[in-house]
Amino acid sequence: MGNLSAMHAPLSTHPPGPERHLGGLALTLVLALVPACADDGQESRDDAAEAPSLRARIVWNADVPKTGRSSPRLTDLTGDGIPDVVIGGGQERTEGSISVLNGADGQLVWRRLYYDEVYATALLMDVNADDVPDVIIGRRKLAGDLDCLDGRNGEELWTLSGTNPDEHIPKTHFNSCIPAPDLDGDGLPDLIGLQSGGRDRPDKPEKAKRLPARVWVLSSATGELLHKYLTVDRLESYSVPALQQLPDGSHQLFLGTGGETLPGHVLCLDFPSFEERWRFASDTKGFVAGLLLHDFEGSGRNDVIATAFDGVLSRLHGETGEELWRMERPGFEVYSTPGLGRFDDSDDVLDLVLTLTEGTWPDYSSRAIIVWVDGATGEVLEERDYGVMASSSPAILDLDGDGLDEVVHATNLGFSPYPSKVQSVLSIFDGGPGKRELLRREFNGWTAVSPWIGDLDGNRRLDIVHAPFGSTMRLELKEPTRHRIFWNGYRGESLDGIVPRR
């Protein structure tokens, strides 16, 4: 997203290509259990009852260049039975990378370097029939391309530009890809990639117009272009789309358009014809956070959860686009996709949790808040201050088996053009009334990453993979828990944006 450019460093270069290294990656192994509420510069609390009750240790902490925007994805690429970490890195106008870290010890498995930033989250699917998931991920401005890399070694399998040399591919942002149904009949799911940003006359920005977003529908095996679509409202888009299959077997695609300063729409489109079914307009700013779909009432109809950048959270009727309810926070802006969970035991309708940042770009100096919202009515269940600037989406689980869901979330304790100078905090909030902070760990480095949660080694202790700027780490809770995980990281397991019913 263009308005995050103030967080970026000056231009530098680095040769592209795969780098493989099996030992010698700088690791910090913290073997002792460290209390989450240790007095190491963390903010004081007047109420002792608010002291976090969970403790975690850092299993490994790996240096990874310029992480902090691409969220971790996990899959077993090394064949040892423990999922490995796939994560992008880089800053605007500087070099970037895709890195794979061994989930057991954090050692670098492979890394591919690029001349430009990788801020998207990887889509993982086996496209070359070797039983190892491959890595599909987009890059931004300097090259503007979409790459598929062999999951075993990082070697290039295809690129959008290489497979489609006659296509004009703007040098603009590629967002996170999502899976699509098999359209070319090769037995593999295909994929949808969204590209946006830039102006039609970059040499004369005062006369230029913003470019409409492009949706690329590609064969996952080869990168061959199957369909291409320019947004019908001719607006940009940074919101990760959502795709659903209807009972008759057809599909619908939901796109959010507009930006941090421009209004936009939620578009409901037949897929892959892209015929428009309905649109819903925002107020003053567009839809930047990703869209989610969920059948709230068990009727078989998925409604749309859409978050406008100007602090408006809406539930839209999935068949008509009618706004069923809205929650507004004037004076706040939203970068992150909400999470859905059971935060109120008065009904069986899932609720929402959302973080918002007070201020207007680039003045984020006061506070962020985390808000729990009733999924049936849009009423605020609870709210609390939460750092200074929030860009991360939550993970959702029931940690203690009480039927109410805990929230794993990250935020920042400051805002600066220099992300290494900002502290971030990783927290777990209780699902019960009061939403007590059960775990709190502070780290050096700004983050917009959504943490991943799971049990990597099957010992019933919750693992959290977190990535503040410049590092990626695995934390493990001290004690075994009875946890049930419902949303394990950024946009869930499949990235398609559908939150399943329980």
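Everything numeric here is computed off the predicted structure, so don't read it as measured data.

1. Let's talk about the confidence of the model for the protein chain
Detailed conclusions should not be drawn from predicted coordinates in areas where pLDDT is low. Predicted confidence across the protein chain gives a mean pLDDT of 89, with 89% of residues reaching 70 or more. Note that pLDDT drops below 50 for residues 1–48; the model gives that stretch 124 contacts with residues more than four away or on any other chain.

2. Observations concerning the side chain of T447
Its location among the elements puts T447 in the loop between β33 (437–444) and β34 (452–454). Among the polar contacts made by the side chain of T447, one reaches the main-chain amide nitrogen of V449 at a distance of 3.1 Å. What T447 contacts, discounting residues up to four positions off in sequence, is G68, S392, A410, T411, N412, S424, H466, A467 and P468.

3. With respect to empty space enclosed by the protein
Counted by the stated rule, this structure contains 3 cavities of 30 Å³ or more. Empty space within the second largest cavity amounts to approximately 40 Å³. Taken together, F280, A281, S282, D283, F287, A308, D310, V312, S314 and R326 make up the full set of residues lining the second largest cavity. For the lining of the second largest cavity, the secondary-structure elements that each account for two or more residues are β20 (276–281) and β23 (312–316). Residues that form the lining of the second largest cavity fall into these classes: 5 nonpolar, 2 polar and 3 charged.

4. Describing the sheet that holds strand β10 (residues 146–149)
One open sheet accounts for 4 strands, arranged β8-β9-β10-β11; its pairing is antiparallel. The sheet terminates laterally at β8 (123–125) and β11 (156–159), the two strands that pair on one side only. Ignoring which end each strand starts from, the neighbouring axes of this sheet average 20° apart. Alignment of strand β9 (residues 134–138) against β10, held across 4 bridges, turns out to be antiparallel. Bridging from a neighbouring strand, G138 pairs with L146 of β10.

The rules we used
Residues numbered from 1 in each chain as written. Predicted model: local features only at pLDDT ≥ 70, side-chain atom pairs only at ≥ 80, totals over all residues. Heavy atoms only, no water. pLDDT = per-residue confidence, 0-100. Contact = heavy atoms within 4.5 Å. Helix = DSSP H or I, 4+ residues; strand = E, 2+ residues; numbered from the N terminus. Polar contact = N/O pair within 3.5 Å; in protein donor to acceptor, adjacent residues only side chain to side chain. 1 Å grid on protein atoms, 1.4 Å probe; cavity = no way out; pocket = protein on both sides within 12 Å on 5 of 7 lines; lining within 4 Å. Points joined across faces, edges and corners; volume = space filled by probe spheres on them. Nonpolar A, V, L, I, M, F, W, Y, C, P; charged D, E, K, R; others polar. Pairing = 2+ DSSP bridges. Axes fitted to C-alpha atoms, helices over the stretch in contact; angles between N-to-C directions.

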